[in-house]
Each structure stands twice: as structure tokens, then as C-alpha cells.
Amino acid sequence: MTSVVTERPRAHAASMDAYRADFERLMSSDFSGEPEWVKRFRAQSMESFETLGFPTMKDEDWHYTSVAPIADRVFHSAEVSIDDFKGLALSPVPPADIVFLNGRLVPLKSQDVRGLTVQSLAEAIRTSPSLENEIGAAAKSTSSAFNALNGALFRDGALIRIAPDTQAGPIHIVHLTTAEGRAVQTRNIIVGGRHSSATVIESYFGEGAYFTNAVTEVILDEGARVVHYKLQNESDKAFHIGTTQAKQPRNSYFESFAYSSGAELSRTNTYTILEGDAAECVLNGLYLADGTQHMDHQTYVEHVAPNCPSHELYKGILDGRSHGVFNGKVYVHPEAQKTDGKQSNNNLLLSEHARIDTKPQLEIFADDVKCTHGATVGRLDETALFYLQSRGLGKSVARKLLTYAFAADVLERLSLASLKETLEARVLERFTG
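Throughout this description, residue numbers start from 1 for each chain and increase along the sequence as written. Where totals are concerned, whole chains, interfaces and linings use all residues; where local detail is concerned, this predicted model gives features only for residues with pLDDT of at least 70, and gives and counts side-chain atom pairs only at 80 or more. Hydrogen atoms and water are omitted, and side-chain values are computed over all heavy atoms in the structure.

Student: Could you clarify how one ought to interpret the packing of helix α1 (residues 13–27) against helix α2 (residues 36–52) in this entry?
Tutor: When two helices pack together, their arrangement is given by the angle between the helix axes and the distance between those axes. The contact between α1 and α2 brings their axes to 11 Å, and the two run at 170 degrees. Of the possible angle classes, the one that applies to α1 and α2 is roughly antiparallel. Seen from α1, the contacting residues are M16, Y19, R20, F23 and M27; seen from α2, they are K39, R42, A43, M46, F49 and E50. The residue classification treats Ala, Val, Leu, Ile, Met, Phe, Trp, Tyr, Cys and Pro as nonpolar and Asp, Glu, Lys and Arg as charged. All others, Gly included, are polar. Partitioned by chemical class, the residues of the contact of α1 with α2 number seven nonpolar, no polar and four charged. Angular values range over 0 to 180 degrees, each being the angle between N-to-C directions of two axes fitted as lines to C-alpha atoms, with helices fitted over their stretch in contact. Runs of E in the DSSP output that reach at least two residues are strands. Runs of H or I that reach at least four are helices, and both are numbered from the N terminus. Here roughly perpendicular refers to angles of 65 to 115 degrees, roughly parallel to angles under 35, roughly antiparallel to angles over 145, and oblique to all remaining angles. Residue contacts are defined here by distance: any two heavy atoms, one from each residue, within 4.5 Å place the two residues in contact.

Right, here's the structure in full:
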């Protein structure tokens, strides 16, 4: 997550001033009743945002992605009234699900589950003093402008607490946006108690042109296990910046799967720090882009403690004039002996105009490690395509099957069968040329 800090011109003054104005307005209205520690956190986050400024392509971590479409436009904070909830059609969701419309909790009938707390973060801020040590514990506002902007302006999100020795899930968080021309800042916090286990799904979708800036913090205790699925299926006119950041102590396990198929411009960050002995992480992802979509995925795995395995597999399928980016870094500290780190990024280009920039990285400062990384970029195998057509399949069907076969490796790793079936169907339906 290191970057080269460059001089910040005031090229995006209008949008930055708009966010400052929103911040001051909300601090005197919606946020006025919050505890003082939250107000301090917000003020520090706003200061960090104004100091950092929007990243440019001169920043190492943003070398292939321009945020000008976001930074050059003024997105005021979304306002939500009770009328927005009227007539809202929501498909049936499992118990303990939580749904947000334009960044605000949709009133649903809550159900209590023993050992599990799922509630609105805005409500919990007023009732849970322990949050002071949790908000910003994994995703620090000083680490990026978008984290800082979220810290200053988030209205709500999901707080999920899994009690020690509890097994829970799947828990589904749905974020629906209909706020045309607005910015929606949501913040989710997942706290896994000692030796607990949970599966959490986050879904993002909406209608129109808007800006989603989401942060999810995963804070684990010793021996806790969290499997986290993030499904980004935003409107094709929307912009999405999302960060999932985890802290892992001894013997903890964090598994992430990031799926992206929506938004005009999206950036998905997945970061974790392996702080305790024998902590383990698995980061996988699949991105499907066509038209003129731009999809950027960045991962950062920091090995601090010894005996920690980390495995990554990201796959991308790009058509039309779309642009994909993968930037993955594994950083191994001198004390992190016996590290086992594997990272792979594979991309399939279905069009001669689609392109990918991939940059897997290893930075190793320990001498007793096993670390590998690699990246591939290719097109559909013409021989295989011809073979399938010679067996009576049409070109479109043959193309679909080969595309699915490419994605199947990463989809087969999903432990939640219902989700795997859903995404398999989406891959088969997405590319029909």
C-alpha cells in the first residue's frame, strides 16, 4: 500500500470544497448528536482527505487508473427520506440480513440469532463504547484519500459481531443505490470473536450515475475465521471505490472473494496484515468487463509474523474496449520466517481492443520463505474453439463454454454453493458475442 506522494495541485478544488461543505453541514446536523470520539475521528479523517488529495496516475498505486471522472465531478452526499423506502422491492433475504438504500438502513423486521449481532453502525455508535477502538483499527484514514473521505462522511453501514466460539452465516449485506448524481459513503465493521466462524456477503447494485465509496473493516480475534464475499454489480454509469481491510492475529483465517461486473469505473482494494503466528489468508477474485468499463483490483498482503500462508488467485475476462488492472503486492517482514506466499493473476481478452495492466509484486526481507507470483494474458484458444464447432456447437456457445472454463477454476473455490451457482450463470450469460 505504499505510494509515491506527489505535489497536490488544486485541480479538483470544486469537488474537494463540496465535500468540505457537506462535512460541515452534516457535523452541525446529522452528526451533531454523535459521541465526541466519533466527531474527532471524522474531523481527523477530513483533515487527512484534504492533505492527501485525490490520487493521480503519478502515484505508484494508481499508475494505471485515473480517478478524474470522480474527482472532476461534484457528488454531494446522498439524502434519504422515508419516501425513498416506499414501494422498494426487495427479494426475500435470509434471517439476519441487513439492507441499505442510498447509504441508509432500510427498516426491516429484525431477527435475533444467538451469538450474533447484526445492526446499523449509526445506531451502534450511540450505544456501543467499544467501537471507539474498532472504527479505523483496520482501515486507517491516513492510508488513502478514499478511506479518509469515507471516515469523514459515512452515514451508516453494518456492524456484525460474532461472539466467541460461535458459528454464523451466511450473512448478507445489500447496498442499493438510486441517488442520481450523489455520493454514498458506507462503512461496515465485522468483528470475529475468539474461535468464531462466519460467512459474510456484501452486494452492491443500483440505478443511474452515482459514486459509491465503501469501506469494510474485518477485525479478528485469535482463531477466528471469516469468509467474505464482495459482489460489485453497480450500474454501468456508476463509480465504485471499495476497500476491504483485515487485521489477523494468531491462528486466524480470512478468506476474500471479490467479484466485479458493474460500474463505469471501479477500484476494489483487498488488504490484510498477518500479525500473529500461523495466521492464514486466501484472496481470490473474478472481474468481467466489456464496453468501455475500467476495473482495477489491488491486493496487499503484509506478512509480519512467522508461519503464515497466503494464497491469491485473480482472474479477469475483458471484452470490447474495456480496461482491466491488477496490482498485487506481498510484503514479507524480516521476522516473518516460514512464510508461504503464492500469487497469480490470469486474464482472458475476448477483443483485440480490450487491454490489461497486471503487476504482481513480492517484497521479501526474510530468508526462509516460499513465495511465488505470476501473471498471464491470452486470448481464446482458436484450436479449442474450432474443435467445439466441429462437434456441432455454434460459435457463440463454444465461446461461452471456453470463457466459462477459464473462470471455473476460481469459481470452484467458493465454499458457498448457492453463490457459486449464481456466479456461474452470470459468467455464461455475460459474454454472448
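Having seen the structure, we can now continue with the description.
Student: Help me understand a nonpolar patch on the surface, please; the structure alone is not making it clear to me.
Tutor: Exposure above 30% relative accessible area and the lack of any salt bridge qualify a residue for a patch; like charges then connect within 9 Å, and the nonpolar side chains Val, Leu, Ile, Met, Phe, Trp and Tyr within 5 Å. Note on areas: these come from Shrake-Rupley sampling with a 1.4 Å probe, and a residue is covered only by the protein chains present in the view. Salt bridge, as applied in this entry: a Lys or Arg side-chain nitrogen positioned within 4 Å of an Asp or Glu carboxyl oxygen. Among the surface-exposed residues, V397, L401 and L428 lie close enough to one another that they form a single nonpolar patch of about 210 Å² accessible area. The topology assignment puts L428 in helix α8 (residues 417–430).

Student: How should the pattern of salt bridges be read in this particular structure?
Tutor: When their charged atoms lie close together, side chains carrying opposite charge are able to pair. As enumerated under the stated definition, the model contains 20 salt bridges in all. Ionic pairing is found between K329 and E60, a salt bridge with its closest N-O pair at 3.9 Å. Of this pair, K329 sits in strand β17 (residues 323–332) while E60 sits in the loop between α2 and α3 (68–71), and the two are 269 residues apart along the sequence. As a salt-bridge pair, E217 and R187 come within 3.1 Å of each other at their nearest N and O atoms. One end of the pair, E217, is in strand β9 (residues 211–220); the other, R187, is in strand β7 (residues 182–192), with 30 residues separating them in the sequence. As far as burial versus exposure is concerned, E217 and R187 are alike and both buried. The structure contains a network of salt bridges with shared partners spanning R20, E24 and E50. A 1.4 Å probe rolled over the protein chains alone gives each residue an accessible area, and that area as a share of the maximum for its type sets the label: buried under 20%, exposed over 50%, partly exposed in between.

Student: Even after reading the chapter, I still don't get the sheet that holds strand β6 (residues 167–177), so can you show me in this structure?
Tutor: Think of a sheet as strands paired side by side through backbone hydrogen bonds, with each pair either parallel or antiparallel. Between any two strands, pairing holds if DSSP finds at least two bridges. Sheet architecture is open: 10 strands sit in the order β3-β2-β6-β8-β10-β12-β14-β16-β18-β20, paired in mixed fashion. Strands at the two margins of the open sheet, each flanked by one partner only, are β3 (104–105) and β20 (370–379). By the bridge criterion, eight bridges tie strand β10 (residues 225–233) to strand β12 (residues 253–260) in an arrangement that is parallel. Its bridge partner being in β12, V226 is matched across the sheet by F254. Sheet contacts for helix α7 (residues 395–411): β12, β14 (280–289), β16 (309–318) and β18 (340–349); angle to β16, the most-contacted strand, approximately 160 degrees.

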